[in-house]
Amino acid sequence: MNSSAWPAGFPGDLERALDSMVERIIDQERRRKRIGEVLSGLGKVSLAGVEDLVEKSLVREVKRDPLSDLKVCGVDGGLLDQQLHGLDLILIRAVAVIFHYRRALLNGAEYLPSEFPPLRMVDVAEPLDAWEFQLLAGMERQLAELEVATEAAERDGIGAILLDGSIVPQYVERFPRSPVLVERYQKLIQAYTKLYQTCARSGVLLCGAVKDSRGARFVEILKRELRDKFGLSLEKEDFSVLDRSRDTVLLNHLLQVGQRTSAFTYAEKPASYVLSDLGPWAPKICAFYIKTVPFDRPLRVEFLDQGEDTAATADRVASLIFALSSHHDGFGLPSVIVEADACVRLAEEDLCLVRDSISDRLEPSLFLELRREKKPF
Amino acid sequence: MAFVTDLVKTNRYFMRAESVREYERRGSPLSAIFPADRWEYLVARAQVLGVQGEHGIERSTFPPSPGEKVSVAEPELLWRFLGLRPSGGIEVGKLRHHELPVQLDLNRLLRKHLAVLAMSGAGKCLAPETAVHLSTGELIPIGELVDGALARGKEVEGGVEFTRENPDRLSVFTLGNGFRLRRAAIKAFARRNFSGRLLKIRLGSGSWISLTSNHPLLRLNGKTRWVAAGELRPGDEIAAPGWTDFGKGAAAPAPDVDLGHRFSRLSPDLLADEIVRVDPVEYSGYVYDLAVEASDNFVANDLIVHNSNFAAVIVEEILSRSPEQGRPATVIMDVHGEYTGLAEDPGFSDRVVVLKGDEFRIGVPNVSLAQFREFLPEMSGVQARELQRVLETLHAESRSGRGPFDLDDVIARVEGGDGVNKQLQQALVSWLNDLQSLGIFDRADNPNWERVVLPGRALVVDLSDMTSLRKKQVLVAYAARRLFHSRKRNRVPPFLLCLEEAHQFCPAGESKEAAISRSVLEMIAREGRKFCASLMLISQRPVRLSTTVLSQANTNVILRITNPYDLEHIKQSSEAITSEVAAMISSLPVGEALIIGEAVNYPIFVKVRQRRSRGPSSEIDLEEAAREFERRGSREEDDARAFL
């Protein structure tokens, strides 16, 4: 981390701080590019035996799925929350959009529960702190998404389910002091497990497209393996830049459109803290990065490995994601998730409406707004 | 009750042009990638008109709640709200966007007079490169012409930039009677921004014109009539000037052309030119407009552009009423011969009498001194007293058995009189002789008004062959006064006097000498309602119509008017025409009218029905016109040969 401080009223210092930051970014990008070039040279080198990588080559070509006679489901949820005096409010809704493809063209669309998914209101009276409240709100949204995703997976003919975001609950803590969160978390684990089971039973591919991944596991693998096993001739400084690189930042210099990385296991140890509650499903969670369009960063894709051949599953998922995400040169997200996102997007006015309706039914003395919302000026 | 003033289509997938372009870059439409069609919504903006209360429609005092359900108004509610009649009224067409017949209450429509105001003579919505023939012979793009005029100063209203200044006294050619071209001064130059689709019409002669689809052109095949450009198809023939150097005043005919070719001669001034292609052209920018004096068309890109009118429908409706419904008589002063077809139509011929203008006679014994003073505004008090003396003498002799007298008798008695100054006497004689030269004065009236002005009947006075405006004004002044007095004495039924080109008969701002019929028409406008004597004023130049008369017309039927000069004049004469309504008038399509005022509770837009009777006699068949022209040519040649 770098920090720059400057006294108020000294724009010259600010200017210098900005210059310094830009120089640093340029330098890091240059080094990442060099690493990318070196990594490109490893295209044909077998990576067999590299721990955590599922496939033998670092970069793999992806074949675009023809999208013929296929149903693909995209799931997304919307969330708005507000802390009030003595009460916290959460508004959520989720939708599963099912695109029907015929001969590579969209032939129809279905929506679960409907194209106008109903709002669900959760009121929280328990005295959660602000962070716990944010966690709870996130869990409620995930629960809503998992519910519609499972309902979609139970339908006939669905080829794949794409979640907007990760396919695992990403909670490091286990909330020892908050029974409410523990209870919701348990429900969440059950919901994830149920979705995995349903998909596995019905042979539906389950994957998640992470819009703006902050993951760095792939870089970690590279750091470990490149120096130890391949002894690549990189300067020390070049290596050090990896410490400051997320996966997508580095891979933007490596992957070309239509390429993906080797799939890798989600966590170094299946029983690591994030996956520890998923039991037998933990080792089946894998991920890869794919470049779907020229002017967007690589997309992190997570998937549930349901069979013996993880590489084949990764190919199938990548092929589908590539076909669904390559329409817009600057925005490489699957179209079915774009549609789901548009359906569940909530406006601030929706929350105001609920809050005002509550206020209307209360005594005028029972103010709901926090003091920060009632500033006189 | 609310009036939908605007409709908007929206779709979340088409909010960002660059995203649409990007997704469609590979050739697939957005609908092949996203279910975009599903997210299209039609949004209406509505203006609240009133609320259905216990005592009928009441003024709304607060807006409806957001989210309240709306539904399309039922016919019964519309009738009640708009003040229409479910049956037995004057059916003029259908309510726009509803298939609801618009039947207006006869009493409300006519009792306080009616004005039918059509578009003034302006070729609207022309593309800037369209060439206009100035009467100097110069061809100039309309864009250049108007931009040049506006550069010297302009007014802006309702999105229209315009000027009435014409310091160079520019004039253009317009189409007059008998398909002859004549010069007319430009009264206003206007332009407005337009974004949409124009039509480019290409002709067999090589000419072309770009204009909006609702702009009318004179179609010649079949019956000659003005039709919207959007209705024209390849193979149709439209009018184009047939000059070579007409602009220099020579009026020389164009070289003869083969009739089998794509254009042929219609009159010495006009060619029929065949449309070979009609192409839509996307256009964004200014479109241009000229207002032309005393005309309703002008020549642009060698084509004639024009507009249409409405009033015949109302006449037909009145003629179709039963005695039980109450039938006023109708008298039509038909300047263009547009109503003579009524007498030839089997559906109306038994109720219509046509009187040619040259058969019209004014019975001198029926002309009062006041009327003589109207006809001869220059007359002094002394001369009037002398004329009064002569008239009284002649009336006395007539009553004693000498029989009716004529204008020659009056002139002879004035000449023989010795009570006045000789100079004044000579002047009076001269003026009377001048009146006599009009050839319309006789011993008795023709028609016999009490015999032809009958309930449910129409008298059409065909003035189409009459060129003298003064003569027409004298006729109209006499007829109007005669009718009004007869009505006051209950000798004729309630009547509707229809005045085509009403601005010719009650012009604004003209001297008494040039507006002989104005005062009597203003009198009927003011007092007619007490005696059920109604006026229907039809004008394509409302700006030239007397404001006194126009403001007494409590119902206005307004067809498309784009000229800001005319719009402003109408607005001044009617409080009901707000700026919003004026903006709507300027975008009215062909065949639609705005009805506003006494006849309706709220301004309504109506798709005017087709007239059932034959159109004007000038709607000639093209082939017949061509044959007649050739016949006339050969006759002239034969005559010339015989002479030689």
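Starting from 1, residues in each chain are numbered consecutively following that chain's sequence as written. The order in which chains are written sets their letters, starting at A; the order in which ligands are written sets their numbers, starting at 1. Only residues with pLDDT of 70 or above have their local features reported here, since the model is predicted, and side-chain atom pairs are shown and tallied only from 80 upward, although totals for entire chains, interfaces and linings are computed over all residues. Hydrogens are left out, water is left out, and the side-chain values use all remaining heavy atoms of the structure.

UniProt positions are given in the numbering used here, feature names are shortened, and annotations may be inferred rather than shown by experiment. What the UniProt record of chain B gives under Sequence similarities (unreviewed entry) is the line "Belongs to the HerA family."

Chain A carries the name NurA domain-containing protein in an unreviewed UniProt entry, which gives Hadarchaeum yellowstonense as its organism.

Engineer: When you look at the overall build of chain A in this model, what are you seeing that I'm missing?
Structural biologist: Per the secondary structure count, chain A includes 9 helices and 11 strands. Among the 377 residues that make up chain A, the fraction classed as buried is 52%. Long-range contacts, defined as pairs at least 24 residues apart, comprise 77% of the intrachain contacts of chain A with a sequence gap of at least 6. Think of it this way: any DSSP run of H or I at least four residues long counts as a helix, any run of E at least two long counts as a strand, and we number them from the N terminus. Under the scheme applied here, a residue whose accessible area is under 20% of the maximum for its type counts as buried, over 50% as exposed, and between as partly exposed, the area being computed with a 1.4 Å probe on protein chains only. Throughout, a contact is declared for two residues whenever any of their heavy atoms are within 4.5 Å.

Engineer: Please explain the overall build of chain B as it appears in this structure.
Structural biologist: Counting its secondary structure elements, chain B contains 18 helices and 32 strands. The proportion of buried residues among the 644 residues of chain B is 51%. Contacts in chain B between residues at least 24 apart in sequence constitute 72% of all its contacts with a sequence separation of at least 6. Areas reported as accessible are Shrake-Rupley estimates using a 1.4 Å probe. Residue values count occlusion only from the protein chains shown. Summed over all atoms, the accessible surface of chain B reaches about 28900 Å², with 48% contributed by carbon and sulfur.

Engineer: Hey, could you run me through the layout of surface pockets in this one?
Structural biologist: Rolled over the atoms, a probe sized like a water molecule indicates the empty space that remains. Residues and elements named next belong to chain B. Space inside and on the surface of the protein is sampled on a 1 Å grid over the protein atoms alone, with a cavity defined as a set of points where a 1.4 Å probe fits but cannot get out and a pocket as an open set with protein on both sides within 12 Å along at least 5 of 7 lines; lining residues have an atom within 4 Å of a point. Grid points are joined across faces, edges and corners, and a volume is the space filled by probe spheres set on the points. There is about 1600 Å³ of room inside the second largest pocket. Lining the second largest pocket are 44 residues, and of these Met1, Ala2, Phe3, Val4 and Ala46 sit closest to its centre. Of all elements in the fold, only β1 (2–11), β2 (40–48), β3 (51–53), α2 (75–82) and β32 (604–608) reach the threshold of two or more residues within the lining of the second largest pocket. Per element, the largest residue contribution to the lining of the second largest pocket is 6 residues, and it comes from β1. Polarity classes work like this: nonpolar for Ala, Val, Leu, Ile, Met, Phe, Trp, Tyr, Cys and Pro, charged for Asp, Glu, Lys and Arg, and polar for all others, with Gly in that last group. Split by residue class, the lining of the second largest pocket holds 29 nonpolar, 11 polar and 4 charged. When residues of the lining of the second largest pocket are assigned to domains, at least three map to each of domain 1 (1–71) and domain 3 (312–360 + 446–608). Each domain span listed reflects an automatic or database assignment of domains.

Engineer: Help me understand the packing of helix α8 (residues 381–402) of chain B against helix α9 (residues 407–416) of chain B, please; the structure alone is not making it clear to me.
Structural biologist: For any two helices packed against each other, one specifies the crossing angle of their axes together with the interaxial distance. Residues and elements named next belong to chain B. The interhelical angle for the contact between α8 and α9, taken along N-to-C directions, is 125 degrees, at an axis separation of 10 Å. Between α8 and α9, the angle is such that the two are oblique. Pair α8 / α9 crosses with right-handed handedness. Residues Glu386, Leu387, Val390, Leu391, Thr393, Leu394, Glu397 and Arg402 of α8 pack against Asp409, Val410, Arg413 and Val414 of α9. Of the residues assigned to the contact of α8 with α9, the class counts are 6 nonpolar, 1 polar and 5 charged. Only the stretch in contact is used when a helix axis is fitted, and all axes are lines through C-alpha atoms; the angle between N-to-C directions ranges over 0 to 180 degrees. Here roughly perpendicular refers to angles of 65 to 115 degrees, roughly parallel to angles under 35, roughly antiparallel to angles over 145, and oblique to all remaining angles. Helix crossings are classified by the rotation of the near helix relative to the far one: an anticlockwise turn of less than a right angle makes the crossing left-handed, while a clockwise turn makes it right-handed.

Engineer: Is there a simple way to think about helix α14 (residues 518–527) of chain B in this case?
Structural biologist: All names here are of chain B. In terms of residue burial, α14 counts as a mostly covered element, since 7 of its 10 residues are buried. Listed as buried for α14 are Arg518, Val520, Leu521, Glu522, Met523, Ile524 and Ala525. Close packing links the buried residues of α14 with α7 (369–375), α12 (469–488), β28 (495–499), α13 (502–505), β29 (533–539) and α15 (547–552).

Engineer: Would you take a moment to explain the packing of aromatic side chains for this structure?
Structural biologist: The geometry of two aromatic rings is summed up by the distance between their centres and the angle between their planes. Ring pairs shown here join Phe, Tyr and Trp side chains whose ring centres sit within 6.5 Å, with only the six-membered ring taken for Trp; geometry is labelled stacked below 30 degrees between planes, edge-to-face above 60, and tilted in between. For the structure shown, the criterion picks out 18 aromatic pairs over all chains. With 5.8 Å between their ring centres and 85 degrees between their planes, Phe116 of chain A and Trp39 of chain B make a pair best called edge-to-face. Here the residue Phe116 of chain A occupies a position in the loop between β4 (105–112) and β5 (120–124), and Trp39 of chain B occupies one in the loop between α1 (17–23) and β2, the pair thus bridging two chains. With a relative accessible area of 4%, Trp39 of chain B lands in the buried category. Aromatic pair Phe264 of chain A and Tyr289 of chain A: ring centres 6.0 Å apart, planes at 20 degrees, arrangement stacked. Highlighted residues: Phe264 of chain A in strand β9 (residues 264–265) and Tyr289 of chain A in strand β10 (residues 285–291), separated in sequence by 25 residues.

Engineer: Would you mind showing me how to read the side chain of Asp105 of chain B here?
Structural biologist: Residue and element names in this part refer to chain B. Within the secondary structure, Asp105 is located in the loop between β6 (101–104) and α3 (106–110). A relative accessible area of 16% places Asp105 in the buried class. A polar contact of 3.3 Å, which involves the side chain of Asp105, links it to the side chain of Arg85. Whenever a nitrogen or oxygen atom comes within 3.5 Å of another N or O atom, the pair is scored as a polar contact, on the condition that within protein one atom can donate a hydrogen and the other can accept it, and that pairs from neighbouring residues in sequence are kept only if both atoms are in side chains.

Engineer: Is there a simple way to explain the sheet that holds strand β5 (residues 90–95) of chain B in this structure?
Structural biologist: The strands making up a sheet associate through hydrogen bonds between their backbones, and the pairing can be parallel or antiparallel. Residues and elements named next belong to chain B. In this analysis, strands are considered paired if DSSP registers two or more bridges between them. Strand order in the open sheet formed by 11 strands is β6-β5-β32-β31-β30-β7-β29-β28-β23-β27-β24, and the pairing between neighbours is mixed. At either margin of the open sheet sits one strand with a lone partner, and together these are β6 and β24 (352–356). Strand-to-strand twist across the sheet, computed as the mean angle between neighbouring axes with direction ignored, equals 25 degrees. By the bridge criterion, 5 bridges tie strand β23 (residues 329–334) to β28 in an arrangement that is parallel.

Engineer: Before we go on, may I ask you to explain the interface of chain A and chain B in this structure?
Structural biologist: Where interface size is given, it is often the accessible area lost as the parts come together that is meant. In this complex, chain A contributes 18 residues to the contact, which on the side of chain B involves 16 residues. Taking both partners together, chain A and chain B bury about 1500 Å²; carbon and sulfur atoms supply 54% of that area. A side-chain nitrogen of Lys or Arg and a carboxyl oxygen of Asp or Glu constitute a salt bridge if their distance falls within 4 Å. Taken together, the connections running from chain A to chain B amount to 4 salt bridges. Note that Arg25 of chain B and Asp329 of chain A form a salt bridge whose closest N and O atoms lie 3.7 Å from each other. Between chain A and chain B we count 10 residue pairs in polar contact (both at pLDDT 80 or more) in total. Those elements giving two or more residues to the side of chain A that touches chain B turn out to be β3 (87–102), β4 and α8 (335–344) of chain A. Note on definitions: buried area is the accessible-area loss of two parts on being combined, 1.4 Å probe, summed for both.

Engineer: Whenever I open this one, the packing of α9 of chain B against helix α10 (residues 422–436) of chain B confuses me. Can you help?
Structural biologist: All names here are of chain B. Put simply, α9 and α10 touch, their axes get as near as 9 Å, and they point 170 degrees apart. As summarised for this structure, α9 and α10 are arranged roughly antiparallel, according to the angle between their axes. Between α9 and α10, the contacting residues are Leu407, Asp408, Val410, Ile411, Val414, Glu415 and Gly416 on the first element and Lys422, Gln425, Leu428, Val429, Leu432, Asn433, Leu435 and Gln436 on the second. Of the residues assigned to the contact of α9 with α10, the class counts are 8 nonpolar, 4 polar and 3 charged.

Engineer: In this structure, what is going on with the environment of Arg169 of chain B? I would like to understand it.
Structural biologist: All names here are of chain B. Tracing the sequence through the fold places Arg169 in the loop between β12 (160–163) and β13 (171–175). Of the residues examined, Arg169 reaches a relative accessible area of 74% and is grouped as exposed. Sequence spacing of Arg169 and Ala184 is 15 residues, and the spatial spacing of their C-alpha atoms is 10.0 Å.

Engineer: Would you mind showing me how to read a nonpolar patch on the surface here?
Structural biologist: The patches reported here contain residues having more than 30% relative accessible area and no salt bridge. Joining distances are 9 Å for like charges and 5 Å for nonpolar side chains (Val, Leu, Ile, Met, Phe, Trp, Tyr). A contiguous nonpolar surface patch, about 310 Å² in accessible area, is contributed by Leu14, Leu18, Met21 and Ile25 of chain A. Here Leu14 of chain A shows up in helix α1 (residues 11–40).

Engineer: Would you take a moment to explain the environment of Val210 of chain A for this structure?
Structural biologist: Residues and elements named next belong to chain A. In this fold, Val210 is placed in strand β7 (residues 205–210). Remark: the alpha-carbon pair of Val210 and Val301, spanning 91 residues in sequence, is separated by 6.2 Å. With residues up to four places along the chain from it excluded, the contact list for Val210 reads Gly165, Ser166, Leu299, Arg300 and Glu302.

Engineer: Honestly, the side chain of Asp52 of chain A in this entry has me stumped. Any pointers?
Structural biologist: Residue and element names in this part refer to chain A. Here Asp52 lies in the loop between α1 and β1 (59–61). Of note is the side chain of Asp52, whose polar atom sits 3.3 Å from the side chain of Arg217. Beyond its immediate sequence surroundings of up to four residues, Asp52 is in contact with Arg217, Ile221, Arg224, Ala263, Phe264, Thr265 and Glu268.

Engineer: Explanation requested: the nonpolar core in the structure shown.
Structural biologist: Across soluble globular proteins, you tend to see nonpolar side chains buried next to one another. Put simply, buried Ala, Val, Leu, Ile, Met, Phe, Trp, Tyr and Cys residues joined by side-chain atoms within 4.5 Å make one nonpolar core. If you look at the biggest cluster of nonpolar residues, it comprises 80 residues, and the most contacted ones within it are Phe372, Phe375, Leu387, Val410, Leu432, Leu497 and Leu521 of chain B. For Val410 of chain B, the residues in contact, after removing those within four places along its chain, are Val364, Leu387, Val390, Leu391, Leu394, Phe405 and Leu432 of chain B. Judged by nonpolar contacts, the second largest core, of 51 residues, contains Ile92, Phe133, Tyr192 and Leu195 of chain A.

Engineer: Sorry if this is basic, but what is going on with the confidence of the model for chain B here?
Structural biologist: Any residue range with low pLDDT should be treated as having predicted coordinates unsuitable for detailed reading. Residues and elements named next belong to chain B. For chain B, mean pLDDT is 80; residues scoring 70 or higher make up 83% of the total. Within the model, the stretch residues 243–263 combines pLDDT values under 50 with 47 contacts to residues more than four positions away or in other chains. Overall, residues 294–308 carries pLDDT values under 50, and its contacts beyond four positions in sequence, including any with other chains, amount to 93 contacts. Per-residue confidence from the predictor is reported as pLDDT, which spans 0 to 100.

Engineer: Hey, could you run me through α12 of chain B in this one?
Structural biologist: Along an α-helix, residues three or four apart share an orientation, since each turn contains 3.6 residues. Residues and elements named next belong to chain B. A helix is expected to span 1.5 Å for every residue after the first. With 20 residues, α12 extends 28 Å from end C-alpha to end C-alpha; this agrees with the ideal 28 Å at 1.5 Å per step. In terms of burial, α12 is a largely internal element, 15 of the 20 residues being buried. Asn490 lies just past α12 and shows a positive phi near 60 degrees.

Engineer: Before we go on, may I ask you to explain the pattern of salt bridges in this structure?
Structural biologist: Once their charged atoms are close, side chains differing in charge can pair, the charge on each being opposite to the other. Residues and elements named next belong to chain A. What the rule picks out here adds up to 52 salt bridges over all chains. Residue Glu55 is joined to Arg260 by a salt bridge in which the shortest nitrogen-to-oxygen separation is 2.6 Å. On the criterion of sequence distance, the pair formed by Glu55 in the loop between α1 and β1 and Arg260 in strand β8 (residues 259–261) is long-range, its members being 205 residues apart. Like Arg260, Glu55 is buried. Salt-bridge contacts for Arg155 lead to Glu110; the nearest nitrogen and oxygen are separated by 2.6 Å. Here Glu110 lies in strand β4 and Arg155 lies in the loop between α2 (130–153) and β6 (160–164), a separation of 45 residues in the sequence. You can call Glu110 partly exposed: its relative accessible area is 26%. Taken together, the salt bridges that share partners define one network made up of Glu55, Arg60, Arg260 and Asp315.

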